[in-house]
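As a plain string of letters, each chain reads:
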Number of protein chains: 2
Amino acid sequence: MSSITFIGAGNMARTIGTRAVAGGNTVEIMARDQSKAEDLAKALGGGATTGEWGAVPAGDIVITALLHAGVVPTVAEYGDALAGKIIIDISNPFNATFDGLAHSEETSIAQEAAKIAPAGASVFKAFNTIFRDVLEKGRPDVFFAGDDPQAKAAVTAFIESLGLRPLDVGGLKMAHWLERAGVLTVGLAGNGIGHGNFAMGVKEFTD
Amino acid sequence: MSSITFIGAGNMARTIGTRAVAGGNTVEIMARDQSKAEDLAKALGGGATTGEWGAVPAGDIVITALLHAGVVPTVAEYGDALAGKIIIDISNPFNATFDGLAHSEETSIAQEAAKIAPAGASVFKAFNTIFRDVLEKGRPDVFFAGDDPQAKAAVTAFIESLGLRPLDVGGLKMAHWLERAGVLTVGLAGNGIGHGNFAMGVKEFTD
């Protein structure tokens, strides 16, 4: 069982939060609009609580359930309140036409967040390749990237508690490639396979 | 049934060629070393033939089964011999440490090949996300990208003839993202899931 704080009270916090509560995790919600945090905590049930925006999160794992443009500024704003935390960035920095990324550099939102995260914090990328609809109804594979081995074990356990399969793609610099896989997922959705009914995953082929 | 020419007589030509013959396609092999082309054609059976390096391929679909550095120079060398052909680039331009690409620009081998391909040729990216071992023993999904709708239908039919599922990720500029998915696949292989026993694919989740 993990203790999780969501920074953000939108649809992704609701969807992952629902699975987190069902998986026996302790859940806290933080939002700029405290009433939205309270509404979501109430909707989630399972003893979900709220915390004050900018305060030290109760959770060992902090999920920034924000639009991509909000992630780095929010990590900066929280500052030392995130010291020692595992921070999971789930965002997709798509460009305006959803066929590329907002940045072309060899970086990612997660890597940029790591640059400004406080001491002892460990940033991960995860969940960004999965449409929310799929996360609600299915059991998609969850690709993740991050550096710290101990934190990796915690992230693995958390994803498993959601009833999902964690797939470690490597160190945090692989976040860059996960964001690119997000673009590929949208490309697939626009070319015949549909939207909200599939996810990229791994299929195994044994001899 | 499609008519396929492989430019290159290495392992990938052998593996895809084996499936192509089994699927009832007409197969031609071209290699700089004519004896290698002949050896592979003989090994494939099914009436596989050889063609002279640089001549007009017999196949409507030409697969450049070459290392990434060879693809663009070979398309340039063939020149007008490839006029009107569907050219499938299957390469992965990995960097020396296999954790990134040899180029950092927003391009791909397939897009670079398209820039110099002759009139009427249509370049596709496909197969690059699949380890050869998996292609030998399993039925992985085949992501592909390309622009021309009529050529897309031909590529789709060819992939289906191999007993594999084609997944259209969009226009040729998505080749860029498929090469990045190749990096992700290697990242997965290096972090616990193994090598030669999995492939990225799509899982569907219906209501």
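Looking at an unreviewed UniProt entry, chain A carries the name NAD(P)-binding domain-containing protein, with the source organism given as Pseudonocardia zijingensis.

1. Regarding the overall build of chain A
For chain A, the count of helices and strands is seven helices and nine strands. Against the globule reference of 17 Å for 207 residues, chain A gives a C-alpha radius of gyration of 16 Å, in line with a compact fold. Counting only C-alpha atoms, chain A reaches 45 × 35 × 35 Å along its principal axes. The buried share of chain A, reckoned over its 207 residues, is 58%. In chain A, 68% of the contacts between residues at least 6 apart in sequence involve partners at least 24 apart. As displayed, chain A has an accessible area near 7,800 Å², and 52% of this comes from carbon and sulfur atoms. Seen as two clouds, the 16 positive and the 23 negative side-chain charges of chain A have centres 5 Å apart.

2. Topic: the environment of serine 91 of chain A
All names here are of chain A. Position of serine 91 relative to the elements: it lies in the loop between strand E5 (86-89) and helix H4 (109-116). The spatial distance from the C-alpha of serine 91 to the C-alpha of lysine 125 is 8.2 Å, given a sequence separation of 34 residues. When neighbours within four sequence positions are excluded, serine 91 is seen to be in contact with Leu66, His68, Val71, Ile109, Lys125, Asn128 and Glu179. For serine 91, the side chain forms a polar contact with the side chain of aspartate 89, separated by 2.8 Å.

3. Some remarks on the relation of the copies chain A and chain B
Least-squares fitting of chain A to chain B yields an RMSD of 0.0 Å, with the superposition described by an axial translation of 0.0 Å and a rotation of 180°. Taken together, the rotation angle and the small translation identify this as a two-fold axis. Ranked by how close their C-alpha atoms come to the rotation axis, the residues of chain A are headed by glycine 201 of chain A, at 2.7 Å.

4. As for the pairing of E5 of chain A
Residues and elements named next belong to chain A. Judged by which residues are buried, E5 turns out to be covered on both faces: Ile86 and Ile88 on one side and Ile87 and Asp89 on the other are all buried. The pairing of strand E4 (residues 61-64) with E5 spans four bridges and is parallel. If you follow isoleucine 63 over to E5, its bridge partner there is isoleucine 88. Handedness of the E4-helix H3 (residues 68-78)-E5 crossover: right-handed. Note: E5 against strand E6 (residues 122-126), four bridges, orientation parallel. Considered in E6, the bridge of aspartate 89 is made with lysine 125. Considered for its hand, the β-α-β crossover made up of E5, H4 and E6 is right-handed.

5. Structural notes on the sheet that holds strand E5 (residues 86-89) of chain B
All names here are of chain B. Ordered by their spatial adjacency, eight strands build an open sheet running E3-E2-E1-E4-E5-E6-E7-E8, and the pairing between neighbours is mixed. Only two strands of the sheet have a single neighbouring strand rather than two, namely strand E3 (49-50) and strand E8 (165-170). Note: strand E2 (residues 26-30) against E3, two bridges, orientation parallel. Within E3, the residue paired with isoleucine 29 across the bridge is threonine 50.

6. Regarding the environment of glutamate 77 of chain B
All names here are of chain B. Tracing the backbone through its elements, the reader meets glutamate 77 in helix H3 (residues 68-78). Here glutamate 77 falls in the partly exposed class, since its relative accessible area comes to 42%. The contacts of glutamate 77, once residues within four sequence positions are left out, are Arg32 and Trp53.

7. A word on the packing of helix H1 (residues 11-22) of chain A against helix H2 (residues 34-44) of chain A
Between two packed helices, both the angle of their axes relative to each other and the distance between the axes serve to describe the pair. Residue and element names in this part refer to chain A. In the contact formed by H1 and H2, the axes pass within 10 Å of each other and the chain directions differ by 35°. The element H1 and its partner H2 pack so that their crossing is right-handed. Touching Ala13, Arg14, Gly17, Thr18 and Val21 of H1 are Leu40, Ala43 and Leu44, all from H2. Classifying every residue of the contact of H1 with H2 by side-chain character gives five nonpolar, two polar and one charged.

8. Observations regarding the interface of chain A and chain B
In many reports, interface size means the accessible area that the parts give up when they come together. Taken residue by residue, the interface counts 42 residues in chain A and 42 residues in chain B. Note on chain A versus chain B: buried area summed over both sides is about 3,500 Å², and carbon and sulfur give 64% of it. Its largest share of buried area at the contact with chain B, chain A owes to Trp177, Lys203 and Phe205 of chain A, together 22% of the area lost on that side. Here chain A is connected to chain B by six salt bridges. Between arginine 180 of chain B and glutamate 106 of chain A there is a salt bridge; the shortest N-O distance is 3.7 Å.

9. A closer look at helix H2 (residues 34-44) of chain B
Residues and elements named next belong to chain B. All buried positions along H2 are accounted for by Ala37, Leu40, Ala41 and Leu44. Viewed along the axis of H2, the buried residues span an arc of 100°, placing them on a single side of the element. For H2, the exposed residues lying more than 90 degrees away from the buried face are Asp39, Lys42 and Ala43. In this structure, the buried side of H2 is in contact with helix H1 (11-22), E2 and E3. Immediately beyond the C-terminal end of H2, within one or two residues, lies glycine 45, with a positive phi of roughly 65°.

Calculation criteria
Residues numbered from 1 in each chain as written. Chains lettered and ligands numbered in written order. Predicted model: local features only at pLDDT ≥ 70, side-chain atom pairs only at ≥ 80, totals over all residues. Heavy atoms only, no water. Helix = DSSP H or I, 4+ residues; strand = E, 2+ residues; numbered from the N terminus. Rg over C-alpha atoms; globule rule 2.2 N^0.38 Å. Buried < 20%, exposed > 50% of the residue type's maximum accessible area, 1.4 Å probe, protein only. Contact = heavy atoms within 4.5 Å. Areas by Shrake-Rupley, 256 points an atom, 1.4 Å probe, with all protein chains shown as cover. Lys, Arg positive; Asp, Glu negative; His and termini not counted. Charge placed at Lys NZ, Arg CZ, Asp CG, Glu CD. Polar contact = N/O pair within 3.5 Å; in protein donor to acceptor, adjacent residues only side chain to side chain. Least-squares fit on C-alpha atoms with pLDDT ≥ 70 in both. Pairing = 2+ DSSP bridges. Right-handed = clockwise from strand over helix to strand, strands pointing away. Axes fitted to C-alpha atoms, helices over the stretch in contact; angles between N-to-C directions. Left-handed = near helix turned anticlockwise from the far one by under 90°. Nonpolar A, V, L, I, M, F, W, Y, C, P; charged D, E, K, R; others polar. Buried area = accessible area lost by both parts, 1.4 Å probe. Salt bridge = Lys/Arg side-chain N within 4 Å of Asp/Glu carboxyl O. Arc of directions from axis to C-beta.

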